[in-house]
Structure formats: C-alpha cells, structure tokens
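Architecture and fold: a report
Residue strings, one per chain:
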Amino acid sequence: MRSLAPAVFVLIWSTGFLVGRGVSAHADANLFLSLRFLAVAAIFAAAAVAARAPWPRRPRQIGVQLAAGALMSGLYLGAGWWAMEHGLPAGVMALLGALQPIFTALVSVLFLRVRLGPTVWLGLAIGVAGVAMVLLPRLAAGSAGAEGMPGFPPLAVAAGMAGILSLTLGSMVQKSPLAAADLRSASALQSLGAAGVTALLALALGTPRWDHSAALWGGFAWSVLVLSLGGTTLLIWLMRSGEATRTAALLLLVPPLAAVQAWLLFGETLTAVQVAGFALAIAGVALARR
C-alpha cells in the first residue's frame, strides 16, 4: 500500500479538476460541493459509529478538525471550482495546484522562520516564471479575448490562487498533533467543516442550479465515492504516515495529466509558449522540492 498509494492518489487527484469543469454547466459549483461534503460526512460518520471508532472530544481537537476541512477542502475546492465555473481552464487550475510548495515555502519563511537554501529560491523563481508564461498571455488578452485568444478572467485566477493558499494552510493544520484522530471520525468532522464553507459561498456567490442530468449525478457519484472517500482519505493518510515526500514528487504529474484529460474531454488548448511555461513551472517546483 505504501508503494502504490502515492501513484493512485495522483491519478485520482488529477480528475478532480475535470469534474469541476464538467459539472459547471449543470449545477452551481458550491451547491454541488456542499451536497458532496454532507454526503461524505454522513458516510464517514456511519463508518465510525459502526466500527465504534473514537471521536475527538476536546473543543480544540474538534475545532482543529473543522478548520482543516474548511481550509483543505472547503476553501480550496470552493474557490477553485468557482474559478473554473467563471472561465479558468481545468488544466491551468491544475498548474496552480502544483505551486503549493511555493506557497508552503513562503509561509514557512514568513511565519515559521524557516531558512531556505539558494537551490530552493532558484527553483521558486523558475516556477513563478513558468506560471507567468502560462497566465500572462491570456490575462493580457482580457476576459473578452483578443486576437482570437480567449482571456483568463483575473478574478478567476485570483480565486484559484486563493484556493491553493487555503490548501497549503490546511495541510499545515493537518500535521498538527491536535489533528491526530481516527481517520473515519476525523474525516466526518472535516467534511462538515468543508460543507459549512461551501454552503456560505453558495449563498453569497452562487445560484441554485441543479438540472438532475445524468452527467451531473455521475459527477456527483465520482466526487463522493472516488475523490472524497478515495482521494482525500489517501491524502490525509499519506501526510500522517510520512509519505508526503513521495507524494510531493508525484504531484508534479498532476498538471500535465489534467491538461491532457481536459484536452481529450473538453477540447482545452494551450499555446506553445504556455506549454513551455507548464514545463518550466514543473521543473522549478521539482528543483525547489529537492
């Protein structure tokens, strides 16, 4: 399991961006996520009760679980799916996800007083340059597009970046000793924390859209059974079991995997400069993660 889990996690994780892109035409993103997280919370709670698993009892322990879910799933997916719903391609959102180590490094330096070597800073600089190559041409084109090239709405890009920062902070909370708990009961509480955030986002930013199409219910089933019960559980298990370093290297495969899948399913395209930016960003993150 230790050998296969990181690769399985990456394959599952790369499909999450496609689900968000696919269901955007059928339902409001945060309404979809709220129902997904409530269903996941119910399944994990039932599993915990059936197994008589221990539950966090101290208020601080419960609060940490809720906060981890709110950051790692609620704000991360709520902002990211909203960004894709408002014009950010799934492949580009996946690229932003690969920048999590850059945010991790910055948070570590600014708040945890961690000292980084020159190789790390060089990798971060290369990664930022690669992301700029992907984003700037379409940001310059504007949201209405110019010269036949559709633009990236700046607000959608900002929302995507905010989602990745939330994932970074949530991962740090997940490593806290207070977050240690049975995986079933912890996942139930974290899913409730995520549902609370996405429900607020749905009320503030969304519209009550749900067309009951087969594509929508298929995406919902995949999100609950595979992405949440499988992918998110694997992510938590990998971080708790010390396999995060192996996962870090494999996470570099998520952007190209998601981009290829988006090309096959949705016809999303990137220019040659943007493809080069993908490669440069991944190389920079790989160098920084050494």
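Scroll up to find the structure.
None of the values given here were measured: they were computed from a predicted structure.

1. A closer look at the overall build of the protein
Within the protein, the secondary structure is distributed over twelve helices and zero strands. Start at the N end of the protein and walk to the C end: the helices and strands fall as α-α-α-α-α-α-α-α-α-α-α-α. Residues classed as buried in the protein amount to 50% of the 290 residues present. Across the protein, the fraction of contacts at a sequence separation of at least 24, relative to all contacts at a separation of at least 6, is 89%. Accessible surface for the protein amounts to roughly 13,100 Å². Of this, 72% is attributable to carbon and sulfur atoms.

2. Points about the packing of helix 4 (residues 90-97) against helix 7 (residues 154-174)
Relative orientation of the contacting elements helix 4 and helix 7 amounts to 40°, with a least axis distance of 9 Å. For the element pair helix 4 and helix 7, the recorded crossing hand is right-handed. Residue-level inspection shows M93, L96 and G97 of helix 4 in contact with helix 7, the latter providing V157, G160, M161 and I164. Class assignment for the residues of the contact of helix 4 with helix 7 results in five nonpolar, two polar and no charged.

3. Points about the pattern of salt bridges
In total, this model carries two salt bridges according to the counting rule given. A salt bridge links R209 to E85; the nearest nitrogen and oxygen atoms lie 2.7 Å apart. Of this pair, R209 sits in the loop between helix 8 (183-205) and helix 9 (214-240) while E85 sits in helix 3 (residues 59-85), and the two are 124 residues apart along the sequence. Residue class for R209 comes out partly exposed when judged on its relative accessible area of 29%. The closest approach of N and O atoms between D182 and R184, which form a salt bridge, is 2.9 Å. Looking at R184, the relative accessible area reads 32%, which means it is partly exposed.

4. Re helix 4
Most of helix 4 is tucked away, with eight of its eight residues classed as buried. When helix 4 is considered as a whole, its buried residues turn out to be A90, G91, V92, M93, A94, L95, L96 and G97.

5. Considering the packing of aromatic side chains
In the structure shown here, the tally under the stated rule is eight aromatic pairs. Considering the side-chain rings of F32 and W210, the 6.0 Å spacing of their centres and the 25° angle between planes classify their relative orientation as stacked. Note that F32 is positioned in helix 2 (residues 29-50) and W210 in the loop between helix 8 and helix 9, a separation of 178 residues in sequence. For F32, a relative accessible area of 0% translates into the label buried. W210 sits in the buried class, given a relative accessible area of 18%. Linked through ring pairs, F32, W81, W210, W217 and F220 together constitute an aromatic cluster.

6. Some points on a nonpolar patch on the surface
The grouping of L35, L38, L66 and L192 at the surface amounts to a nonpolar patch, some 310 Å² of accessible area in total. By the secondary structure assignment, L192 is in helix 8.

7. A few points about the packing of helix 2 against helix 3
Between helix 2 and helix 3, the shortest axis-to-axis distance is 9 Å and the interhelical angle comes to 145°. For the pair helix 2 and helix 3, the sense of crossing is right-handed. Between helix 2, through A29, N30, F32, L33, R36 and F37, and helix 3, the contact on the second element is made entirely by S73, G74, L77, G78, W81, W82 and E85. Residue composition of the contact of helix 2 with helix 3, by class: seven nonpolar, four polar and two charged.

Cut-off values and rules
Residues numbered from 1 in each chain as written. Predicted model: local features only at pLDDT ≥ 70, side-chain atom pairs only at ≥ 80, totals over all residues. Heavy atoms only, no water. Helix = DSSP H or I, 4+ residues; strand = E, 2+ residues; numbered from the N terminus. Buried < 20%, exposed > 50% of the residue type's maximum accessible area, 1.4 Å probe, protein only. Contact = heavy atoms within 4.5 Å. Areas by Shrake-Rupley, 256 points an atom, 1.4 Å probe, with all protein chains shown as cover. Axes fitted to C-alpha atoms, helices over the stretch in contact; angles between N-to-C directions. Left-handed = near helix turned anticlockwise from the far one by under 90°. Nonpolar A, V, L, I, M, F, W, Y, C, P; charged D, E, K, R; others polar. Salt bridge = Lys/Arg side-chain N within 4 Å of Asp/Glu carboxyl O. Phe/Tyr/Trp six-rings, centres within 6.5 Å; stacked < 30°, edge-to-face > 60°. Patch = residues over 30% accessible without salt bridge, like charges linked within 9 Å, V, L, I, M, F, W, Y side chains within 5 Å.

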